[in-house]
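Read off the chains here:
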Amino acid sequence: MSSRPTPKSKASSSNGTFSNVKTYSLAALLLLWITYLHLSGLYLFTKGFLLTRLALSDINTCDSTTTCTLVPTHKKAVLIIIDALRFDFISPSFPSPSSANHHGVLTLPSELSLSQPDHSIIFNAYSDPPTTTLQRLKGLTTGSLPTFIDAGSNFAGQAIEEDSWILQLARAGKKVGFMGDNTWLSIFPDGFDGNLTFPFDSFNVEDLHSVDEGVTQHLLPLLESERSGEWDVLIAHFLGVDHVGHRVGPSNPTMKTKLEQMDDVLRDIVDKLDDETVLIVLGDHGMDQKGDHGGDGELETSSALWIYSKGPSISPPSSSSSSPTVIFPGTTTPYRSVQQIDLVPTLSLLLGLPIPYNNLGSIIPEVFPDEAVRGRAAKINAEQVWRYLKSYEAVSGKGRELERGMAAAKKAWLKVEKLEEELYEEDELEGMAAVASEEGVGSRIKQLFAGASNPSARQIPLQAPSSSSSELLSSYTSFTRVALEQCRLLWAQFNFTLMSLGLCILLLSIPTLWTVYVSIARERSGWEVWAQRNLNYAYWGAVGGGAMGYAFGAIPKILGVAEKSVLSSAESTIYAAALASQLAVVVPGFLPAVAEVKTRLRSFGLVQLIGPILLVIHAVGLSTNSFILWEDRITLYFLISASLVFLVQAPSAPTPHLRLRIIGYTLLFAGCVRLSGISTICREENMGYCRVTFYEGASIPVSPSLLLFLSFPAAWFLPVIVESFLGISKSYAGLAPLIVGRVWRACLLGGTVYWLLERGETWDELQPARIPLVKWLKTMLARTVIGTSTAAGYVLWQASPLNIEVRRAGDNEEEDKKLEQEDDGNPLRPPPPRKGQILVLGFANSYGSSYLLFVLPFFSLLWLVAQPTGQIVLALTLISVLALLEIIDSQRDSLSLTRAFALTNPADFDPSSTGTMLPPTFTETSLFALLSLLLFYTTGHQPVLSSIQWSSAFIGFETVTYPFSPLLVGLNTWGPLLLLTFLVPLLGQWNVSPKPKSYVPALPDSLKAVLGFALYQATVVISTATWAAWHRRHLMVWKVFAPRFMVAGVGLVVVDLGLVLAVGVGMRVVGGKVKKTFATAA
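So, here is what we can say about the structure in this document. Note that the coordinates shown come from a computational prediction; the quantities given were computed from them, not determined experimentally.

1. A short note on the side chain of Thr277
Consideration 1: Among the secondary structure elements, Thr277 is positioned in strand β7 (residues 277-282).
Consideration 2: With a relative accessible area of 1%, Thr277 lands in the buried category.
Consideration 3: At a separation of 2.6 Å, a polar atom in the side chain of Thr277 contacts the side chain of Asp274.
Consideration 4: When sequence neighbours within four positions are dropped, the list of residues in contact with Thr277 reads His74, Lys76, Ala77, Val78 and Trp231.

2. Some thoughts on the nonpolar core
Consideration 1: Ranked by size, the top nonpolar core spans 176 residues in total, and within it Phe49, Phe928 and Leu979 carry the most contacts.
Consideration 2: Take this core: its biggest share by element is 20 residues, from helix α32 (residues 1037-1078).
Consideration 3: Apart from residues lying up to four places away in sequence, Leu979 is in contact with Val855, Phe858, Phe859, Leu862, Leu874 and Leu935.
Consideration 4: Listed in part, the 70 residues of the second largest apolar core include Leu140, Ile341, Ala378 and Val385.

3. Overview of the packing of aromatic side chains
Consideration 1: All chains considered together, the criterion is met by 33 aromatic pairs.
Consideration 2: Between Phe45 and Phe1045, the aromatic rings sit 5.0 Å apart at their centres with planes inclined by 75°, giving edge-to-face as the arrangement. With Phe45 in helix α2 (residues 23-49) and Phe1045 in helix α32, the pair connects residues that are 1000 residues apart, well separated along the chain.
Consideration 3: Members of the aromatic cluster, connected to one another through ring pairs, are Tyr794, Trp797, Tyr851, Phe854, Phe858 and Phe982.
Consideration 4: The ring of Trp231 has Lys76 lying over it, and the distance from NZ or CZ to the ring centre is 4.5 Å.
Consideration 5: Taking NZ or CZ as reference, Arg745 lies 4.3 Å from the ring centre of Trp716, over its face.

4. Let's talk about a nonpolar patch on the surface
Consideration 1: A grouping of Leu601, Phe604, Leu609, Ile613 and Ile617 is seen on the molecular surface, where their side chains present a nonpolar patch of about 400 Å² in accessible area.
Consideration 2: No other element matches the 3 residues that helix α19 (residues 606-621) contributes to the nonpolar patch.
Consideration 3: For Ile617, the location among the structural elements is in helix α19.
Consideration 4: The exposure class assigned to Ile617 is partly exposed, which follows from its relative accessible area of 42%.

5. Some remarks on the state of the cysteines
Consideration 1: Counted by the stated rule, this structure contains 1 disulfide.
Consideration 2: Here Cys682 is linked by a disulfide to Cys690, with a sulfur-sulfur distance of 2.0 Å. Taking the torsion about the S-S bond as the criterion, the Cys682 to Cys690 disulfide, at about -80°, is left-handed.

6. Section: the pattern of salt bridges
Consideration 1: Summed over all chains, the structure comprises 27 salt bridges.
Consideration 2: Here Arg247 and Glu758 are joined by a salt bridge, their closest N and O atoms 3.1 Å apart. With Arg247 in helix α8 (residues 240-248) and Glu758 in helix α24 (residues 736-761), this residue pair connects regions lying 511 residues apart in the sequence.
Consideration 3: By relative accessible area, which is 11% here, Glu758 ends up buried.
Consideration 4: In this structure, Lys778 and Glu761 form a salt bridge, with 2.8 Å as the shortest nitrogen-oxygen distance. Here Lys778 is found in helix α25 (residues 771-799), whereas its partner Glu761 is found in helix α24, with 17 residues between them in sequence.
Consideration 5: For Lys778, a relative accessible area of 3% puts it in the buried group.
Consideration 6: Three or more residues joined by partner-sharing salt bridges are found here, namely Arg247, Glu758, Glu761, Lys775 and Lys778.

Conventions adopted
Counting starts from 1 at the beginning of each chain's written sequence and moves along it residue by residue. In keeping with the model being predicted, local features are shown solely for residues with a pLDDT of at least 70 and side-chain atom pairs are shown and tallied solely at 80 or more, while totals for entire chains, interfaces and linings include all residues. Calculation of side-chain values draws on the structure's entire complement of heavy atoms; hydrogens and water are dropped beforehand. Labels follow the DSSP assignment, with helices taken as runs of H or I lasting at least four residues and strands as runs of E lasting at least two, numbered in each case from the N terminus. Throughout this description, buried means an accessible area under 20% of the type-specific maximum (1.4 Å probe, protein chains only), exposed means over 50%, and partly exposed covers the range between. Within 3.5 Å is the distance limit for a polar contact, defined as a pair of N or O atoms, with the added protein rule that one can donate a hydrogen and the other accept it, and that residues adjacent in sequence qualify only through two side-chain atoms. Two residues form a contact once any of their heavy atoms are found within 4.5 Å. Buried Ala, Val, Leu, Ile, Met, Phe, Trp, Tyr and Cys residues form a nonpolar core when they are joined through side-chain atoms within 4.5 Å. Ring pairs are drawn from Phe, Tyr and Trp, using the six-membered ring of Trp, whenever the two centres fall within 6.5 Å, and their geometry is named by plane angle: stacked under 30 degrees, edge-to-face over 60, tilted for the rest. The criterion for a charge sitting over a ring is simple: Lys NZ or Arg CZ within 6 Å of the ring centre, and within 35 degrees of the ring normal. A patch consists of residues exposed above 30% relative accessible area that lack any salt bridge, with like charges linked at up to 9 Å and nonpolar side chains (Val, Leu, Ile, Met, Phe, Trp, Tyr) linked at up to 5 Å. Here the Shrake-Rupley method, with its probe set to 1.4 Å, supplies the accessible areas, and only the displayed protein chains count as covering residues. For salt bridges, the criterion is a side-chain nitrogen of Lys or Arg within 4 Å of an Asp or Glu carboxyl oxygen. Cysteine sulfurs are considered disulfide-paired once they come within 2.5 Å of each other.

Okay, here's the thing in C-alpha cells:
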C-alpha cells in the first residue's frame, strides 16, 4: 500500500478558530455542527407544522346582557372515570367474536337502561386522539380539542389555565372531592377540597388492584346520607381496567375479575345515590385489541358513557330521530353516539354552571327531556361556541386556512340567525321591537328566552315560555357540530412561513452533508485540515447570519409594527444562522465534490450503486400512505434484495476462500434478517392483511411462550457466537473472555429471567401471597442488570487493554499447530510464524474488536427493556451485523487482491503489503440504516402512539420514577435505532490492523461511514417532512404522514447525538488504546 502523509504534517498549515481541535474532538465537533443544522430545521418546520392549540384565558361569566346557564336540574354530581372503559364493555350488544372476559361482565348500565329507560342512557362516546389520559382529561373538563403533540406530555401534565367546569365549580363556591388518578392534581392543583382529596399514582401499571380499592374505600362513605352535606361534586378515577389492559390485555381472565369489581362498585354507588344527584360513568378512552391506547384507532376512540338519574327523568335516544348513531366494530346494532367533550356543556347546564369559554362540545339533548329547556340549552351552547370562535379569530390573527374554517362556521351561524328571525316574525313578537337594541335579532330572541321582565337574570327560568322548534334546535346543533369539525381542521393551524423555512434548512442539509461526506473521503489522511477550515467557515457564517437574522426580526419592534412581523427575532436568528452556516460550506465545496464523484462514477459497480438507488426509492415511496403502512415489509425486501446482489458478486472473488466466505456470510445475513422480519405488529389499517407475531395475539400483549423459552438459549449462546466472530481474527483475547463470556452473558440472562418473572407474576397458579416476592425479585434483578451494564460493563471496557495476546512462537506447540493448520488458501493471510517469532494475536482487528465491546453493555440494556420476542430479534440483528461486516471485509480483500494482481507481477506479489484499507461505501452504510429501521419495526414498534410499550417505564421500578421511567420508555422505543448508530463506526474499524509508529485512516474511514449513515437518515426525515407538508390537508395526514415524520424527526436527533457519542467516546477510547500500544495515529 502506498504510504500516506500523516495529518499532523498538514495540520500546522491550518489557521482559524478550530486549528487546535484535532482527531476525535474534531470529528465529534463536525458531527455536533450537523446536529445543530438538523435541530434548527426540525424546530422551525415542527413549529409551523405542529402548532399547539391556542388556549384562550377568558372565563365565561354572566352579566346584565348575557345569559349563560339554566336553573340546575341536579344539585350534585358523581363522576366515575373507569380508565380505558371501552364502549363494548358495557354494551348489551357484543361484537363477534365476543369475549367472556370483557363482554357481559359489567352489566349494571345495560340493566338499568333496559328497566328504567327514562332514567338511564348508554352512549358510544368518541374520544379525540391522542387517546392518552392527560389529553382526554383536558378535553373532558374544558370541552377543547387536544393537539397532536400533546401526547408527549402524558408523563408530566401542566396545570390547565383555561376555563373549565372545575374552575366554574370553584367560582360558584362548590365543594369538589376527588380520589384516584393523580393526573387530576397535576392539571388542577387547586381545584379540589383538601379534606376530600385522595390521589394515587397513575402510571404504576404493575398495580392492578390497590388504587381501585383505595378509591372505593374513600368514595363509598361520602355517599352515605349523613355525609351528603360535605360535597357537591365527587370525581373518582379508577385505574385497574387500564392497567389490566396494558399488562395482560382485555381477553385475559384478570380483566373479567376487574370488570366484576367495577360492576359491584357501581351497584353500591347506585344504591347510595339520592334523587338530587346525577351519576355519570365513562371511560376516558378505549383500548385496542391488546390493551394499549394513545392513537386514533376505532377501538381506542370508542369509550363508554353512561348517564343515570334517579330523580329527574331523561329521555331515551329514540326521542330524537336526528341524533347520530354508530355501529361498534363487529356488531350490527346501532347505538347513540356523542362526542366525549359533549359532556362538558351538558354537565355544566345540569348543575347550573356557565359553559367553559373554550368549549366546542354540544349538549346531549336526551338529558334535557323538556323541549323548551332543550331549546334554551342548545341556544346557550351555540352562543357560547360562537363567542369562542370570534375571540379565537381575533386573537390568533388572519390566515387562509383560518378564514376558510371561519367561513363555514359563519355560514352555519347565519342560518341560525335566519331561523330565529323567522320564528320571531311567526310568533308575532313585533311588539317587542322597542326592547330590541342595535345588537340585532339575536339579541331580541335572547331577551325573549331570558324573560323580558328580567333581562339581567343570571339563569333562565325553566317555566319561561319557549318559541324554539325542532328545526331551530337542529340548527343550533348543526352549528356547534360545524364549528367542532372546522376546529378539528384547524387543530394544526399551519404556519406556512415557518414550514418553508424549516424545509429550506433541512433540504440544504442534504448537499451540505453530501459535500462533507465526499470531501472527507477525498482528503482521507488530510481530512483534519479540510474539517478545521470548513468548520471555521461554518462558525463565522452562523455568527454573521445570526446577527443579520436578529436585526431582521428586531426591525419591526423598533418601528413599532411588531404585530405585522412574520417572524420573531428568535426564529429569524435561527433560520439565518443555519442557512449562512451551510452556505459557507456548500458554496466553496459543492462543485469540487461533484467533480470528485464524476471522476469515480465510471468505476462504480452494482454494489456501489445499490445504496443510492435504495435511498431514492425509499424517499420517493414515503410520498404514499400505502408505502408507509407497509414500510416494515418493504424494508425487509430491500435488505434481502441487497443480499442477493452480494451473492451475484461472489463468483468474481479471486480465490475460492473469499468466494465461500462471501456466499456463506451472505446466506447467514439474509437468513437472520428474514427470521427477524417474522416479528411484527400490525397497524389498524393493515388488519385483515397482517398477523401479529411480536405478541402472542392481537389482543394478548405478551410474547409467545415459545419465544420466552427460546430467549434463554439465545442469551446463553449469543456470547458464544460473538466469540466465534472475534475468534476469526484471534481477537477473543485480553479481557474479552471476561467481558463477553461472563459479565455480558450474565446481563443477558438476567434480562431474560426478568421477563420470566414478569410472566410468572400474572400466572393463574401463582399463590397471591407470593406475588410481592416475585415483584421484589424482578425489580432487584432489573436494577442489578442496569447497574452491571452501565457501571461494571463500561468501567471494564474503559480499563481493559486491547483484545490482543502477545506470545512467542514455539512456547505453545498446540497453538502453533493450529496456526499452521489454518492455511485456508487466503493469500492475504500472513505466513506461519517462525520459531521464536513474537506473535500478536488479535492484532488484525485491534480497532474493531475493542470497539465492539463498547457497544455490548448498551446491547444488554436494550435486551432488558425488550420483550422476549424483541430479545430474539436483537440477537438475530447482532449476528446479521457481524455477518455483514465479514461480507464487507471479504469484498474489500477481494478488491484489494484484484487491484494488486493488476498492478503487480504475480510472482512478486507480497500479501503483507496489500492490506484491506479500503474506505466504506455508501451502500454499506445504507444497509446499516435499513437494518436500524427494520429493528425498530421488529421490536414491536410502529409510527403510531398505541405501539409505545409503556410497561417498560416500570422495569426496575414499582412506580413512575423520574427521570428513569421516561428514559426506559425512550430506550425501548429508540434503542433499536441507537444500537445500529453505535455499530456503524465498525465499518471503518472492523479487521483494520494498526501500523506501529505510523498512520492508519481508521478515523476518517469511520467518519465517512457515520456521515453516510446520517445522510441516509436525514434524507428519510426530509422526505417525510416534505410529504407531510404537501399532504397537510390529506385525509390521512394525522393518521399516517405526521406520525411518520415525528418518528423520523426524533430518530434523526437520536442518530445525530448517538454518532457524536460513538465517535467522541467509543472511538476516542479505542484510538487511545491503539496509540498507547502500537503508537499508531488514526
